[in-house]
Amino acid sequence: MKIDRREVGFVLLRSLLQYISFLFVSVATSSVFVLVATGFVRELHIPIANVYAISSFALVLPFYSVVRSFELYDLRSRSVFLKTSGEVYSLRSDIAVSFGERSLRLKLICDVSATVFLAFVLPYELGYAYLMAVFRDTFALGEGTLYLLKGAIVCPTMVVLSFLAKTSAHKWWIVARTGEREKMDKLTRPNLRLFLELLKIFAIYAVSSVALPTVIMLFVSLVFTLGLLGEQPWIIPLALVIVTVPFVVRNILTLGRRRKFYRAFVRSAAERGWCVSGVNNPIRSSVVYRPGASFTISKGDKCYAVRLASIKQRGRPVYISPDGYYTEKRTVSFLKITLFHIMTDTEYTFESDAKKLVVFSPMPKRLYINYGRTDTAPDDGDGGTLPTAVVLRAAVTGGGSRGRSIHGPGYVSDVDRGIIKPFETGECVGDYKFFTPSGFISAMENDCLDR
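Being a predicted model, the structure only gives us computed values, none of them experimental.

Okay, the side chain of Arg68 next. Position of Arg68 relative to the elements: it lies in helix α3 (residues 57-72). At 2.8 Å, the side chain of Arg68 forms a polar contact with the side chain of Ser168. Non-local contacts of Arg68, meaning those with residues more than four positions away in its chain, are made with Ala165, Ser168, Ala169 and Trp172.

Rendered as structure tokens:
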């Protein structure tokens, strides 16, 4: 098999730029972290080696982010990968395509080899000074030993991180939101987009390097406080109360809302002549999942099996899927910057010969029907996963964004695309009809559950 030298040269040049970008971000952010943390450790009398050890995370995270960005905006590799892999992502198929397709295999081998070579050959002072300072101060190692130790630690770590970062980019090519995929399809200047992405990475890690020492100082202060347990035994119970109270209060409120709805339903059903049977923990099921229908109502020749659906937090958006589950989306953010989403699926299907109804109680504040893609977080206008310049500025200055995300020109959410739609009581999804709590009671009172 003949190897294209120009292709190899392009991959090696891109790998060199990737490594330089990583060094710039990691050295800058770790230096900022050490500079800010030094004042704290002096006040708390903490060994400086601990600061150097924590700052070493500025090697792992930026490397992953930079490699992922370089892979994400490599449009030639993206085109080849999508043509070969199809529209459904799996790690097994990713590995098969990456090592089976000639151009992708060549790129992967050259890229990882060049990165490992640079990490091994260059002196440890160039990017790994704080990491090696931990071993030097702790074990009093010589320069030659530190150089070899650097290679033994950094090179295998980079191989693993390179693989994880590249597979993450490959997955994003397939499961990204519709708007993001369309942007990638229309992208004509990928190098400019990559440069902007690197600036965003630098900004996020720079802000984190300034804020993280304060968080660590508070944690260490708490540990020191817990060290007073011999004199202050009430501290542990107090800490446990602080941790558990939000969870307990949330469950109590959920149970209270479900109990209030169920009482109103039973009272209304009795007044309108409906018979309630097959009751299956309608109140407790709001906090503990129970399969099957919550109860059955009947009057004359009409019979309905009703399942009461619940969510953990009313403020989180929820999406009803035609595939038999509803999804609760939890957004994880740092300094008002959206990092990623956690999607929790709950099955709403159940077996019954009667007509099947699903009632949300408590009712989420944002409920949608997801008729589109279900392999990624729907974009309901919450800002997605990419922080804007305005959000970054708000994170640095401490200003708010008034609870709304700010989008650039041409932004179209999945709601506007028709991929998801806001829920209305009485919506039918497959064999199931969904209601709000008040909508269900009103439809039952007016005998129009079928309308």
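Back to the write-up after that little detour.
Bringing helix α2 (residues 48-55) into the picture now. Along α2, the positions that sit buried rather than exposed are Ala49, Val51, Tyr52 and Ser55. When α2 is viewed along its axis, its buried side chains cluster within an angular range of 155° and face the same direction.

The side chains of a regular strand alternate between the sheet's two faces. Within strand β7 (residues 355-360), five of the six residues are buried, which leaves it mostly tucked inside the rest of the structure. When strand β3 (residues 302-309) meets β7, the two strands line up parallel, connected through six bridges. From the neighbouring strand, Val306 faces β7, where its bridge partner is Leu357. With four bridges joining them, β7 and strand β11 (residues 432-435) adopt parallel strand pairing. The residue bridging Val358 from the neighbouring strand is Phe434, located in β11.

To continue, consider the environment of Lys260. The topology assignment puts Lys260 in helix α11 (residues 235-271). The class for Lys260 is exposed, based on a relative accessible area of 67%.

Okay, unusual backbone geometry next. That bond from Ser361 to Pro362 is cis: its omega, 0°, falls within 30 degrees of zero. Within the secondary structure layout, Pro362 lies in the loop between β7 and β8 (367-370). In this structure, Asn281 takes a positive phi of about 45° despite not being glycine. With respect to the element layout, Asn281 can be found in the loop between β1 (275-277) and β2 (295-299). For Asn281, a relative accessible area of 30% gives the class partly exposed. The phi angle at Asp447 is positive, at roughly 55°, despite the residue not being glycine. Its place among the elements puts Asp447 in the segment after α14 (437-445).

Let us now look at the packing of aromatic side chains. To describe a pair of aromatic rings, you give the distance between the ring centres and the angle between the ring planes. Considering all chains together, one arrives at 19 aromatic pairs under this definition. Site record: aromatic cluster; members linked through ring pairs are Phe261, Tyr262, Phe265, Phe295, Phe435 and Phe440. The ring of Phe10 is capped by Arg76, whose NZ or CZ atom sits 4.2 Å from the centre of that ring.

This brings us to the nonpolar core. Buried together is how nonpolar side chains tend to be arranged in soluble globular proteins. Tyr19, Phe22, Phe81, Ala119, Tyr128 and Met158 are the most contacted members of the largest nonpolar core, which has 39 residues in total. Among the elements of the structure, α1 (5-44), α3, α4 (75-85), α6 (102-121), α7 (129-139), α8 (143-175) and α10 (190-226) are those that each provide at least two residues to this core. Here the element with the most residues in this core is α8; it accounts for eleven residues. Those residues in contact with Ala119 that sit more than four places away from it in its chain are Tyr19, Tyr128, Lys150, Val154, Cys155 and Met158.

In low-pLDDT regions, the fine details of the predicted coordinates are not to be read closely. When pLDDT is averaged across the protein chain, the result is 83; 85% of the residues are at 70 or more. Per-element confidence in the protein chain ranges from a low mean pLDDT of 46 for helix α12 (residues 389-397) to a high of 95 for β11. Below pLDDT 50 for its whole length, residues 385-404 participates in 27 contacts with residues either more than four positions away or in separate chains.

Roughly 420 Å³ of volume is contained in the second largest pocket. What lines the second largest pocket is a set of 23 residues, among which Ser286, Val287, Ser310, Ile311 and Lys312 lie closest to the centre. Of all the elements in the fold, those that place two or more residues in the lining of the second largest pocket are α11, β3, β5 (325-334) and β6 (337-347). Per element, the largest residue contribution to the lining of the second largest pocket is four residues, and it comes from α11. By residue class, the composition of the lining of the second largest pocket is eight nonpolar, nine polar and six charged.

Scoring rules and cut-offs
- Residues numbered from 1 in each chain as written.
- Predicted model: local features only at pLDDT ≥ 70, side-chain atom pairs only at ≥ 80, totals over all residues.
- Heavy atoms only, no water.
- Helix = DSSP H or I, 4+ residues; strand = E, 2+ residues; numbered from the N terminus.
- Polar contact = N/O pair within 3.5 Å; in protein donor to acceptor, adjacent residues only side chain to side chain.
- Contact = heavy atoms within 4.5 Å.
- Buried < 20%, exposed > 50% of the residue type's maximum accessible area, 1.4 Å probe, protein only.
- Arc of directions from axis to C-beta.
- Pairing = 2+ DSSP bridges.
- Phe/Tyr/Trp six-rings, centres within 6.5 Å; stacked < 30°, edge-to-face > 60°.
- Lys NZ or Arg CZ within 6 Å of the ring centre and 35° of its normal.
- Core = buried A, V, L, I, M, F, W, Y, C linked by side-chain atoms within 4.5 Å.
- pLDDT = per-residue confidence, 0-100.
- 1 Å grid on protein atoms, 1.4 Å probe; cavity = no way out; pocket = protein on both sides within 12 Å on 5 of 7 lines; lining within 4 Å.
- Points joined across faces, edges and corners; volume = space filled by probe spheres on them.
- Nonpolar A, V, L, I, M, F, W, Y, C, P; charged D, E, K, R; others polar.

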